[in-house]
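Commentary on secondary and tertiary structure
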Amino acid sequence: MLAVLLLAGVSVGFAQNINISGVVSDESGQPLTGANILVKGTTSGAQTDFDGNYSLSAASDATLVVSYLGFVTQEVAVNGRTSINITLAEDASQLDEIVIVGYGTQKKSDLTGAVASVSAKDIENFTFTSASQALQGRMAGVSVQSSGGAPGSGANIVIRGASSFTDIGPLFVIDGMITGNMNTVNPMDIESVSVLKDASALAIYGSRAANGVVIITTKKGEKGKVSIDLDTSYGIQDVIKTFDWADVNQYAQISNSARDNDGQPRFPANDAQFDPSYSSNLYDESLRTATIKNTNIRFAGGGENTLFSLSFNDYDEEGIVKYSDFKRTTVRANGSFEKGRLKVESTIGLTRTVNNPNPYFNKERNLIPTIRMRNDAGEWSADDRADRGITGIALGAFYGPGSILNELAFAELEDRTRTRNTVLGNIAGTLKIIDGLSVKVNLGLESWADNNYRFSPDAQVIFDGSNRAFSELSETNDNFLSTLVETTVNYNKTFGKHTIDLVGGATEQITNVRSLGANAIDFPTNEVRVVSAGDLQSANSRDNTSVIQSYFGRLNYTFDDRYVITATIRRDGSSLFKDGLRWGSFPSGAIAWNLSNEPFMENFDALTNIKIRGGYGEVGSNNVPIYSTDPVLNLFSDYVVGGQRVNGYAITNSVNPFITWETTKTTNVGIEFNALNNRLSVTMDYFLKETEDILVATPFTFTTGTGNAVPSNNGNIENKGFEFLASYRDQIGDVNFSASVNFSTLDNEVTSIGEGTAIRAGSFTSNTIFSTRTDVGQPIASFYGYVTDGIYQTDAEATAANDQPGNPRAGDLKFKDVDGDGDIDEDDQVYFGNGIPTFEYGINLTADYKNWDISLFFNGVSGNKILNGTKYRGYFDFNGNYFADALNAWSPSNTSSTIPRNTQADPGFNRRMSDFYLENGAFFRLRNAQIGYSLPDSILEKVKIEKVRLYLSAINLFTITDYSGYYPEVGRNTRTGNVTLFNTGVDEGSYPTPRTFQLGLQVSF
């Protein structure tokens, strides 16, 4: 189809051509830069320069079509003239900003809901490695927190607070195709992003919209202009902050001190046979300066009836942690054809990602400093005994207890690759039946094939101290297919002072996931990597299909450009629920008052475009795993008959067949206005979002025959907050500048969990010490534990505390008796806050002077806590290295220390969850900075190039924070690599976020 569109748009007539030049200006005589002049019926044309000048070749009897955003398009007959100056009139109908909303567009003045948007112009002078970064800090109420600094890592996007107990994020609509993420979108392809935040805007998507909607439109071609754009950059990145780990001498001293305090003999490697030449520095060896490369090429254009765009992106990032890297290749093709009453549009995006992660970095039980990373032969090692001539003594007895793993060897020797090939696109046809009435059919497709491969070779360094004793292969192939069919009818008509915009439609989306995986061990050689060659341990497969059908309608009524009413209804049916519970209805209503258009405001110029709006609505979520209402049969359950064990089957996993929709009810009140001759624009919103019937897992008693937790619709969550956005644009002489500031507050509270018990999660050690608790009256994933109250100075003081979890001595952490009952027990645990920021803000500054431009983006958060899990490893975990300042731990001669005594036995249970691990998570940073220089027009005209720009960009140039970990953005990753909302703010040693510098070149032809 794209080939047909291209061929249809490139026919040009050449007969009797003459050279035509002139100036395009507005009615006041000001030149219009970038106006399009198209020779009607062809793709031949030109664009005006900075002074409004243009020049082109056309037939002497041709007609020129002149267009410019915000002005009435004009057709001018050439009639043999070689000099034609053109004056364009402002188009009052286009002066109002157009905003992308669900299933269409609206004038900003007609919006009744809370919709935030950014355009390509807002982000084009920043450097982004992923599309989600383009949203960060730019929209009030939209929280974008990265999941660490690993190459290819994603982001957690939360709109106006979490609305459920799961990690389901917002709905994404990419060029009309409904999908679950924006990872396949190249940031340079983005034309605009709209985020729908309140129910008035969201209800058109019904059950898909409980967590907000992100609508992404990619770039299309322009009429009368064929362009080639190149943007390529190369950069380096390095770690911002590191921990001060003990060297070999410091480690030996700390270990010996701990053994002495425990009354245990010292280990030979740290004492009698200590040899500092047998040493390693695991963390220095693991980190590196890495490279990042990014190239974008786009070819676009259009004729009178066609538009096309073809783009290519190649992104290659090394990780600052060795043996980790990520590559992404994206191709996107957009095309459209419009003739008469018919318009056909298509888009297709092809994405391939290859991710090689390093999951071992900064984990527990790492190689200790008294063991070299490589032996005398240069091979990876986790045991120096042979090279040191040590015989007759076990590994643990010589070095110390616990597993000793060389994580860098693991990362280098293992083959870990996750490859994904994705196709995402759609084709849509729109037919105008009569004036104002049109029908649109949209067919969408998303398909990806995922290969997750891991092979651990038979290398002794991998298996020393671990449970695995053979080579191992694990491979899983997942195939995903989602098809979307949408039919919509739109009627838009103005009758005098009345304007009606009516949208109705029906959709069906079918999603299928198929998976096949196997695990085998003990291969004959490391070169043979076929499952059948090993000892098969497991083989798993699944084939899951779900369907959602929907009917929806929206009425937008405007009277005299003053009063606006919006009413929306959507009815969704989901295959995830049983008959009788499958269908849910989600209505919304909103009003807006364009106060500035009232006659009595005619002479009031201090504020303009004043609009007051408010609305209420409901959206839903079918947020349950597939087949959750179907009981699980175990085909290998035995039972006893007559004293004999007989094979049989039984229901071993209970379900609740009566689960149904989660419902989010949102109330929103907003006001917006312009000031200072429209140079300043301000938007403010207050919202209350209440989610009801949230699925909460309630354990069954074992008398039922099953012991699993069963979900029921018993949970409620409330989010409320205030949002503010102000933007200012001005010009002083040759300096053009703009500034925007936004901030939002958020108050999150769990108001019910039904009969379920508080949810404990957030484990930050392999000893399963939970750190978060979700309960009524508290925010989701609140930190919960003991309050430290200094350090016991005497054994008598420690004994008198009557500490039930521990048996403390002098030098151990002292915990507070909160309830005052004379002892320390679980009733003394308290809430400490949580990892969800209560205040987020962003500052965007741009300026240009002649050929120079600069862009700065700052953002920050406050009101949140971070659990620094690395403190556990640095002070309490004797299976790895210690922090260097553990040398300054409490001792009888160092009683002023705030670090508990060195101990490996830990009888005082210092490692329990407490505020010892918690730190202030607030930060302020310069997230993105870029300075550029564009070659002057006088040079570009000589070489026939439209644009040449050199730029230098920096990411994470500086961060102001009290957090002592690698970086204050820690994501939600768990010890298993999964993502869970209940792990918010828990830093288990997340991948360091790098500081990046890039030098780039942009060229346009």
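Keep in mind that what you see is a predicted model, and the values were worked out from it rather than measured. Numbering of residues starts from 1 in every chain and runs along the sequence as written. Reporting in this predicted model follows two pLDDT cut-offs: at least 70 for local features of residues, and 80 or more for side-chain atom pairs to be given and counted; totals over whole chains, interfaces and linings ignore these cut-offs and use all residues. To get the side-chain values, all heavy atoms of the structure are used, and hydrogens and water are removed first.

Secondary structure elements are taken from DSSP: a helix is a run of H or I of four residues or more, a strand is a run of E of two residues or more, and numbering for both begins at the N terminus. When its secondary structure is counted, the chain shows twelve helices and 50 strands. Taking 2.2 N^0.38 as the reference for a compact globule, 1005 residues should give roughly 30 Å; the C-alpha atoms of the chain span a radius of gyration of 32 Å, in line with that estimate. Exposure classes here rest on a 1.4 Å probe applied to the protein chains alone. A residue is buried below 20% of its type maximum, exposed above 50%, and partly exposed in between. Across the 1005 residues of the chain, 51% fall into the buried class. Contact definition: two residues touch when any of their heavy atoms are within 4.5 Å. Across the chain, every contact between residues at least 6 apart in sequence was considered, and the portion connecting residues at least 24 apart equals 69%. Of the roughly 43100 Å² of accessible surface on the chain, a fraction of 54% belongs to carbon and sulfur atoms. Charged side chains of the chain number 80 positive and 115 negative; the gap between the two group centres comes to 4 Å. Every radius of gyration here is taken over C-alpha atoms, with the globule rule written as 2.2 Å times N^0.38, N being the number of residues. Shrake-Rupley sampling with a 1.4 Å probe provides the accessible areas, and residues are treated as covered by the protein chains on show and by no other component. For the purpose of charge, His is not counted, nor are the chain termini; Lys and Arg are scored as positive and Asp and Glu as negative. Where a charge lies is defined by one atom per residue type, namely NZ (Lys), CZ (Arg), CG (Asp) and CD (Glu).

Non-glycine residue Tyr627 carries a positive phi angle of around 65°. With respect to the secondary-structure elements, Tyr627 resides in the loop between strand S29 (607–621) and strand S30 (632–641). In the Ramachandran plot, Ala781 falls in the positive-phi region, its phi being about 55° despite a non-glycine side chain.

A cluster of nonpolar residues, Val226, Ile228, Ile297, Phe299, Leu310, Phe312 and Phe1005, forms a patch on the protein surface that exposes about 570 Å² of accessible area. Only strand S18 (290–302) and strand S19 (306–318) provide two or more residues apiece to the nonpolar patch. By the element assignment, Ile297 lies in strand S18. You can call Ile297 partly exposed: its relative accessible area is 37%. Residues with no salt bridge and a relative accessible area higher than 30% make up the patches, which join like charges within 9 Å and nonpolar side chains (Val, Leu, Ile, Met, Phe, Trp, Tyr) within 5 Å. Think of a salt bridge as a Lys or Arg side-chain nitrogen and an Asp or Glu carboxyl oxygen that are within 4 Å of each other.

Take the sheet that holds strand S1 (residues 17–26) next. Here we have three strands laid out as an open sheet, ordered S4-S1-S7, and mixed in their pairing. Of all strands in the sheet, those bounded by a partner on one side alone are strand S4 (53–59) and strand S7 (86–88). Between one strand and the next, the sheet's axes are offset by a mean angle of 35°, whatever the strand orientation. Note on pairing: two strands pair once DSSP finds at least 2 bridges between them. Lines fitted to C-alpha atoms define the axes, with helix axes restricted to the stretch in contact, and inter-axis angles between N-to-C directions lie between 0 and 180 degrees.

Turning our attention to the packing of aromatic side chains. Between the rings of Phe, Tyr and Trp (Trp by its six-membered ring), a pair exists once the centres lie within 6.5 Å; its type follows the angle of the planes, with under 30 degrees stacked, over 60 edge-to-face, and the other angles tilted. The final tally for this structure, using the stated rule, is 44 aromatic pairs. Judged by centre distance (5.6 Å) and plane angle (45°), the ring pair of Phe876 and Phe916 falls under tilted. Of the two residues, Phe876 is situated in helix H11 (residues 870–876) and Phe916 in the loop between H11 and strand S46 (918–920); the sequence distance between them amounts to 40 residues. Each residue in the set Phe243, Trp245, Tyr283, Phe361, Phe764, Tyr872, Tyr875, Phe876, Phe883, Phe916, Tyr917 and Tyr966 is aromatic and connected to the rest through ring pairs, giving one cluster. The rule is short: NZ of Lys or CZ of Arg within 6 Å of the ring centre and within 35 degrees of the ring normal puts a charge over the ring. Across the ring face of Tyr278, the terminal group of Arg388 is positioned such that the distance to the ring centre comes to 4.9 Å. A cation over an aromatic ring shows up here: Arg773 above the ring of Tyr784, its NZ or CZ 4.8 Å from the ring centre.

What follows is about the pairing of S29. The pairing of strand S28 (residues 583–594) with S29 spans seven bridges and is classified as antiparallel. Its bridge partner being in S29, Ala592 is matched across the sheet by Arg613.

On to the side chain of Glu840, then. Here Glu840 is to be found in strand S43 (residues 839–849). For the buried residue Glu840, which engages in no salt bridge, the nearest side chain bearing the opposite charge is Arg925, 8.2 Å off. A distance of 2.8 Å separates the side chain of Glu840 from the side chain of Ser143, its partner in a polar contact. Aside from chain neighbours lying at most four places away, what touches Glu840 is Ser143, Gln145, Asn742, Phe743, Ser744, Gly860 and Val861. Under this definition, polar contacts are N or O atom pairs within 3.5 Å; protein pairs additionally need one hydrogen-donor-capable and one acceptor-capable atom, and for neighbouring residues in sequence, both atoms have to be side-chain atoms.

The sheet built from three strands is open, its strands ordered S46-S45-S49 with mixed pairing. One side of each edge strand has no neighbouring strand; the edge strands of this open sheet are S46 and strand S49 (986–987). Sheet topology note: the strand S45 (residues 865–868)/S49 ladder contains two bridges and is parallel. Bridge assignment links Leu867 to a residue of S49, and that residue is Val986.

For the rest of this paragraph, the subject is the nonpolar core. What makes a nonpolar core is a set of buried Ala, Val, Leu, Ile, Met, Phe, Trp, Tyr and Cys residues whose side-chain atoms join them at distances within 4.5 Å. Counting 61 residues, the largest nonpolar core has Tyr399, Phe764, Leu867, Met913 and Tyr917 as the members making the most contacts within it. Elements supplying a minimum of two residues to this core: helix H4 (248–261), helix H5 (282–286), helix H7 (395–399), helix H8 (407–413), helix H9 (460–463), strand S41 (813–815) and H11. It is H8 that contributes the most residues to this core, four residues altogether. Counting residues in each nonpolar core, the second largest holds 43 residues, with Val118, Val173, Ile174 and Met177 among its members.

A few words now on the confidence of the model for the chain. Overall, the predicted model of the chain reaches an average pLDDT of 89, with 94% of residues at or above 70. A score between 0 and 100, pLDDT records how confident the predictor is in each residue. Low pLDDT (under 50) marks residues 1–15, which in the prediction has 24 contacts with non-local residues, meaning those over four places away or in another chain.

Expected helix span is computed as 1.5 Å times (number of residues minus one). Across its 14 residues, H4 extends 20 Å between first and last C-alpha, which sits within 8% of the 20 Å expected from 1.5 Å per residue. Turning to H4, its buried residues number three or more, namely Val248, Tyr251, Ala252, Ile254, Ser255, Asn256, Ala258 and Arg259. Where H4 is buried, its residues contact H7. Just beyond H4, the residue with positive phi is Gly263, at close to 70°.

A few words on a negative patch on the surface. On the surface, Asp819, Asp821, Glu826 and Asp827 cluster together to form a negatively charged patch. Taking relative accessible area as the criterion, Asp827 reaches 53% and is therefore assigned exposed.

With that out of the way, let us pick up the environment of Tyr841. Mapped onto the elements of the fold, Tyr841 is located in strand S43. In this structure the C-alpha to C-alpha distance between Tyr841 and Phe858, which are 17 residues apart in sequence, comes to 8.4 Å.

Structurally, Thr351 is set in strand S21 (residues 342–356). For the pair Thr351 and Thr329, spaced 22 residues apart in the sequence, the C-alpha separation amounts to 5.6 Å. Residues within four places of Thr351 in sequence aside, it is in contact with Thr184, Arg328, Thr329, Thr330, Arg420, Asn421 and Thr422. Reaching out from Thr351, the side chain makes a polar contact with the backbone oxygen of Thr184 at a distance of 3.2 Å.

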